[in-house]
Amino acid sequence: MYEVKFKGSLKGTLRVPSDKSISHRSIMLGSINDGEVVVKNFLRSEDCLNTLKAFKALGVNIEDDGSLIKIHGKGKFLKEPFDVLDMGNSGTSIRLISGILAGQPFYSVLTGDRYLRKRPMDRIAVPLRMMGATILGRENGKYPPLTIVGKNPLNGIDYKSPKASAQVKSCILLAGLFTDEEVKVTEPAKSRDHTERMLKAFGVDVKVDGLTVSLGKNRVLKADMEIDVPADISSAAFFMVAAAIVPGSEIVLKDVILNPTRTGILDVMEKMGVNFEIFNKRVVSGEEVGDIKVSYSPDLKATVIEGDIIPRLIDELPVIAVLATQAEGVTLIKDAAELRVKESDRINAVVSNLRNLGVEVEEFEDGMAIKGKATLKGGEVKTFGDHRIAMSFIIAGLISSSSIYIDDIHCISTSYPGFIKDLQQFFNF
Ligand code: S3P
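Draft legend 1. Expanded view of the sheet that holds strand 22 (residues 379-381). Spatial ordering of the open sheet is given by 1-23-22, a layout of three strands whose pairing is mixed. Unpaired on one side and paired on the other, strand 1 (2-3) and strand 22 mark the two borders of the sheet. In the sheet, strand 1 pairs with strand 23 (residues 404-406) via two bridges, with the strands oriented antiparallel. Directly across from Glu3, in strand 23, lies its bridge partner Tyr405. The strands touched by helix 13 (residues 387-396) within the sheet are strand 1, strand 22 and strand 23, with strand 23 carrying the most contacts at an inclination of about 165°.

Draft legend 2. Inspection of the site of the ligand at higher detail. Neighbouring residues of the ligand: Ser21, Arg25, Thr92, Arg123, Ser165, Ala166, Gln167, Arg192, Ile314, Asp315 and Lys342. Ser21 has a polar side-chain atom sitting 2.7 Å from an oxygen atom of the ligand. Ala166 has a polar backbone atom sitting 3.0 Å from an oxygen atom of the ligand. Burial of the ligand by the protein amounts to 95% of the accessible area it has alone, namely 390 Å². Breaking the shell around the ligand down by element, the ones donating at least two residues are helix 1 (20-31) and helix 6 (166-175). Formed jointly, the shell around the ligand draws a minimum of three residues from each of two domains, domain 1 (2-18 + 230-425) and domain 2 (20-228).

Draft legend 3. Molecular detail of the side chain of His194. With respect to the helices and strands, His194 occurs in helix 7 (residues 194-201). Separated by 2.8 Å, the side chains of His194 and Glu287 make a polar contact. Residue contacts for His194: discarding those within four places in its chain leaves Asp19, Ser21, Ile22, Arg25, Ile257, Asn259, Arg262 and Glu287.

Draft legend 4. Expanded view of the environment of Gly418. If you trace the backbone, Gly418 turns up in the loop between strand 23 and helix 14 (419-425). Here Gly418 falls in the partly exposed class, since its relative accessible area comes to 24%. Put simply, Gly418 and Pro17 are 401 residues apart on the chain and 8.4 Å apart in space, counted from C-alpha to C-alpha.

Draft legend 5. Fine view of helix 3 (residues 91-102). Between the first and last C-alpha of helix 3 there are 17 Å, a value that for twelve residues agrees with the 16 Å anticipated at 1.5 Å per step. In terms of residue burial, helix 3 counts as a mostly covered element, since twelve of its twelve residues are buried. If you check which residues of helix 3 are buried, you get Gly91, Thr92, Ser93, Ile94, Arg95, Leu96, Ile97, Ser98, Gly99, Ile100, Leu101 and Ala102.

Draft legend 6. Quick look at the sheet that holds strand 19 (residues 330-333). Here we have four strands laid out as an open sheet, ordered 18-19-21-20, and mixed in their pairing. Of all strands in the sheet, those with a lone pairing partner are strand 18 (304-305) and strand 20 (361-364), marking the two edges. Sheet topology places strand 19 next to strand 21 (residues 367-371); four bridges connect them, and they run antiparallel. Bridging from a neighbouring strand, Val330 pairs with Lys371 of strand 21. The strands touched by helix 11 (residues 317-324) are strand 18, strand 19 and strand 21; relative to strand 21, the strand with the most contacts, the crossing angle is about 25°. Lying over the sheet, helix 12 (residues 346-356) contacts strand 20 and strand 21, oriented at roughly 160° with respect to strand 20.

Draft legend 7. How the structure looks around the packing of helix 1 against helix 2 (residues 46-57). For the pair helix 1 and helix 2, interaxial distance at closest approach is 9 Å and the crossing angle is 5°. Looking at the two axes, helix 1 sits roughly parallel to helix 2. Touching Lys20, Ser23, His24, Ile27, Met28 and Ser31 of helix 1 are Asp47, Cys48, Thr51, Leu52 and Phe55, all from helix 2. Here the residues of the contact of helix 1 with helix 2 sort into five nonpolar, four polar and two charged.

Draft legend 8. Region of interest: helix 2. Taking 1.5 Å per residue, twelve residues should reach 16 Å; helix 2 reaches 16 Å between its end C-alpha atoms and fits that length. Where helix 2 is buried, its residues meet helix 1, strand 4 (61-64), strand 5 (69-72), strand 6 (85-86) and helix 3. Looking one or two places after helix 2, you find Gly59, whose phi comes out positive at around 95°.

Cut-offs applied
- Residues numbered from 1 in each chain as written.
- Predicted model: local features only at pLDDT ≥ 70, side-chain atom pairs only at ≥ 80, totals over all residues.
- Heavy atoms only, no water.
- Pairing = 2+ DSSP bridges.
- Helix = DSSP H or I, 4+ residues; strand = E, 2+ residues; numbered from the N terminus.
- Contact = heavy atoms within 4.5 Å.
- Axes fitted to C-alpha atoms, helices over the stretch in contact; angles between N-to-C directions.
- Near = heavy atom within 4 Å.
- Polar contact = N/O pair within 3.5 Å; in protein donor to acceptor, adjacent residues only side chain to side chain.
- Areas by Shrake-Rupley, 256 points an atom, 1.4 Å probe, with all protein chains shown as cover.
- Domains from an automatic or database assignment.
- Buried < 20%, exposed > 50% of the residue type's maximum accessible area, 1.4 Å probe, protein only.
- Expected span 1.5 Å × (residues − 1).
- Parallel < 35°, antiparallel > 145°, perpendicular 65-115°, else oblique.
- Nonpolar A, V, L, I, M, F, W, Y, C, P; charged D, E, K, R; others polar.

Purely geometric numbers; function is a separate question.
Laid out in structure tokens, this is it:
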């Protein structure tokens, strides 16, 4: 049990760790590239290190001097791994790497921890099978361990994705590098577009037309380049909410990614009346970044979060739910059924933990309604092995009337190994 003991206002400046999505992609695209890639500010969290290990096992020479990562790209064709590839807790690793392995003329097996082995893989297996790869898994190919027998070349695809999922879109685009035929993915709402941006930077023809992304003629990655990974807005989110709800707080978060497919939380903060300001906007390695100043916001108002904004803030919803407990009125979160198949069932995790702390919450299949102006009373929180549930409720513990005890904080290393230390430094002013 971890007792949240931090009390008082948050002050100071911090660069939160680098973006998880971009860190994964830098290793993946760097590995199948025909040149050398240096990654600055790579996120050394468990998830991203699992991606790095997997590409080493696929024969890629990747050096890490503790500061920079240097990837000696192997070109598109990798080496058959000698053992099962263990992706730990990482959904992004397993779903994206599957696209690359589908195009390799060899056999590979992917597994993960007990949480990842319960996450649905049919969303990528279905399109990859349409492209000609053999994908097997537990329960009729639905769950990991996955076995992939790749094919070269793959078939083309014109896929209407039933979900706004960057992992599905990226998996198909990566598999699409292994065919010359038409490759097109259309999603119901825009999901994060880091794969498209990075493929373009590597010289691949990528066309974006509204919600449709397609690959053009050149599908070879050939570039020597440096990727500087900006700070992750999904990690910044915890401190933005903390500063907004703890009286007297004022913090600055630096180099935060402001890619519009990721900034749904800022739109919600604006609507809810959070006091914040963005400055020093610039572009780093093809991604918009900026610094964000957030201060205590006593006049928060409830809001409705639904529709196309959901994929733009999907990972931030647990901590947005904590923010909603302090707003005037009832905040409604809808169209977010995807939360049920994240690292945990995040709807159930948030609702049950908030109720346990004395908040009035109604649960829906695709979201929740949170009654604001609540007094959080302290008590036990179950993380269900989910890093974002652990961090969200540590933030809740900053305003609870008595202590909050978190059952497992080890899971935080998935995305943010230094979270507790970084939180601590806001109180040492
Ligand atoms: C991610 C996409 C999102 C997100 C996940 C990271 C990515 O998942 O929730 O944390 O890096 O592509 P979905 O694509 O399943 O929505």
